Amino acid sequence: MNEYQKLPQIGKITQILPYPNKKLLSQIASKVIQNERENIANGATASSEDEIIKKITQEYEKSQKKPKKLINATGVILHTNLGRAPLSEKIYELAKENICGYSDLEFDTQTGRRGDRYAYVKSLFQSLSGCDDALVVNNNAAAVFLVLNTLAKNFKSIVSRGELVEIGGSFRVPEVMKEAGTELVEVGTTNRTNLQDYKDAITEDTRLILKVHRSNFDIVGFSQSVDIKSIANLAKEHGIISYYDLGSGYASRLPEHLEKDEPSVQELLLSGVNLLSFSGDKLFGSVQCGIILGDKALIDKLRKNQLLRMLRVDKITLNLLALSLEAYLEKDYKALPALEFLHRKDKELIAMANKINEGLLQKLKLRRTSTYAGGGSLPNKAIKTIALALQGDAERLQDKFRTLGVIGRIENGEFLLDLKAVSHKEIDELIMAINLIQKEEK
Ligand SMILES: *Cc1c(COP(=O)(O)O)cnc(C)c1O
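Residues numbered from 1 in each chain as written. Predicted model: local features only at pLDDT ≥ 70, side-chain atom pairs only at ≥ 80, totals over all residues. Heavy atoms only, no water.

## Some points on the nonpolar core
Among the nonpolar cores identified, the biggest contains 81 residues, and F125, L276, F284, L293 and L321 are the most heavily contacted of them. In this structure F125 touches G130, C131, A134, V136, F284, I291, L293, L321 and L325, once residues within four positions along its chain are discounted. Counting residues in hydrophobic clusters, the runner-up holds 25 residues, among them L360, I386, L390 and I431. (Core = buried A, V, L, I, M, F, W, Y, C linked by side-chain atoms within 4.5 Å. Buried < 20%, exposed > 50% of the residue type's maximum accessible area, 1.4 Å probe, protein only. Contact = heavy atoms within 4.5 Å.)

## Notes on the domain arrangement of the protein chain
Frequently, the measure chosen for interface size is the accessible area removed from exposure when the parts meet. Domain annotation of the protein chain identifies domain 1 (4-62), domain 2 (71-80 + 339-441) and domain 3 (87-335). Taking only C-alpha atoms into account, the centre of domain 2 sits 33 Å from that of domain 3. At the junction of the two partners, domain 2 supplies 16 residues and domain 3 supplies 22 residues. Taken over both partners, the interface formed by domain 2 and domain 3 buries close to 1,600 Å², and the fraction arising from carbon and sulfur atoms is 64%. There are two salt bridges connecting domain 2 and domain 3. Of the charged contacts, one joins E89 and K425 as a salt bridge, the two residues approaching to 3.5 Å between their closest N and O atoms. (Domains from an automatic or database assignment. Buried area = accessible area lost by both parts, 1.4 Å probe. Salt bridge = Lys/Arg side-chain N within 4 Å of Asp/Glu carboxyl O.)

## Notes on the pattern of salt bridges
Here the structure, examined in full by the defined rule, presents 30 salt bridges. A salt bridge links K62 to E59; its shortest N-O distance comes to 4.0 Å. In this pair, K62 and E59 are both assigned in helix α3 (residues 49-63), three residues apart and thus about one turn of the helix distant. Judged by its relative accessible area of 27%, E59 is partly exposed. Between K96 and E93 there is a salt bridge whose closest N-O contact spans 3.4 Å. (Helix = DSSP H or I, 4+ residues; strand = E, 2+ residues; numbered from the N terminus.)

## Regarding helix α16 (residues 346-358)
Under the 1.5 Å per step criterion, the end-to-end length of α16 is 18 Å for 13 residues, consistent within 8% with the ideal 18 Å. All of the buried residues along α16 are D346, L349, M352, A353, I356 and N357. The arc that holds every buried residue of α16, seen down its axis, measures 140°, which confines them to one face. Exposed residues lying more than 90 degrees from the buried face of α16 are K347 and E358. Where the residues of α16 are buried, they touch β9 (365-371), β10 (383-390) and α18 (427-441). (Expected span 1.5 Å × (residues − 1). Arc of directions from axis to C-beta.)

## Focus: the sheet that holds strand β12 (residues 409-411)
The antiparallel open sheet is built from four strands, whose spatial order is β9-β10-β13-β12. Only two strands of the sheet have a single neighbouring strand rather than two, namely β9 and β12. Averaged over neighbouring strand pairs, the angle between their axes works out to 50° when direction is ignored. Two elements, β9 and β10, share seven bridges in a ladder whose sense is antiparallel. (Pairing = 2+ DSSP bridges. Axes fitted to C-alpha atoms, helices over the stretch in contact; angles between N-to-C directions.)

In structure tokens form, the structure reads like this:
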């Protein structure tokens, strides 16, 4: 019997495995077996039937994995892997009618002509931030790309070496610039860049100075960077554009100790910067999108770029964003859960912890510790929080809670359920999960 003959028949596998979707199962089985054949052709011996069946089972289960709700007990409020900013049910409910039916997304009911889908969010951003003009695209990466491609293609853009960052999810500033068609001119060093460095680099071919927020790291010690106001002034003197990729803009207030060195969007616009952009689903606390604020003459150019057609946002995004902006204007921060979590005080967290303990067969100890905003915002800025500590092997507990849809974290060898980003309506579910696992652990 040669190696190929040892491979099982697809028909046999579809009979053995109890999955209902036989067509999908046989597709997966034939892919796995084809892969085996290729390995044998390359000199490998055939895997055992058990191994092959295990592989097919794994692939099948993976293909059936649906998106699932989780409880975020990591303490990290803007967790990119967990979907960044949560939305409030209030906003979701209010948006429902416009999202599910037809609407005047791009229709002017007064004239019967085509309308502008961005007009309402633009006017809300003007009220909230005092900006001259505003535009929204799919995410902040798209915003950076659109700005550079529209305003600096075939010309040079200056960036400090301390800001040539990688954000994660393969967003690297030098690569994005290259794809957008602008030539990167690096100035300064990794730890220090001064205004003269920018000045010396400006030539006839320079169109833009880009400042990038160090969203997910910090340079401490012997370091220097140039503030946005000085960059804006320098750009103005030379008739070129200043643009700040802010990453995670915020538009209300941050808890006091976090505000140091982190101006709000409103304050940054006062610096005279021509354009700035930030994500809708980081500290801003709304839906995924990229928000561009600044000079009307420049944003008009962005509107005329064909690329905007590819980066445009849909009715779902625009309705949810508009409602978030209305909540900002009404100071209804309860409708913006990320902001609510960020501002949560110890008192509220302790009351939540006590409520959970009341429902438990075996009470948990409280830990006063710290967490981070996360999601590429405010690195190195610890936020006080309260967590519940579980007794037992931390790794095993982490695995068990994860299979129940509760994501915690390990700190000093102890498994913690941090309450900072847990909503009140999740408390009962959390109590059930803890009771279940405590029973098993006994
Ligand atoms: C997060 C971030 C981005 C990317 O924003 P997305 O909305 O995730 O596309 C770009 N630049 C900076 C500085 C960031 O922090």
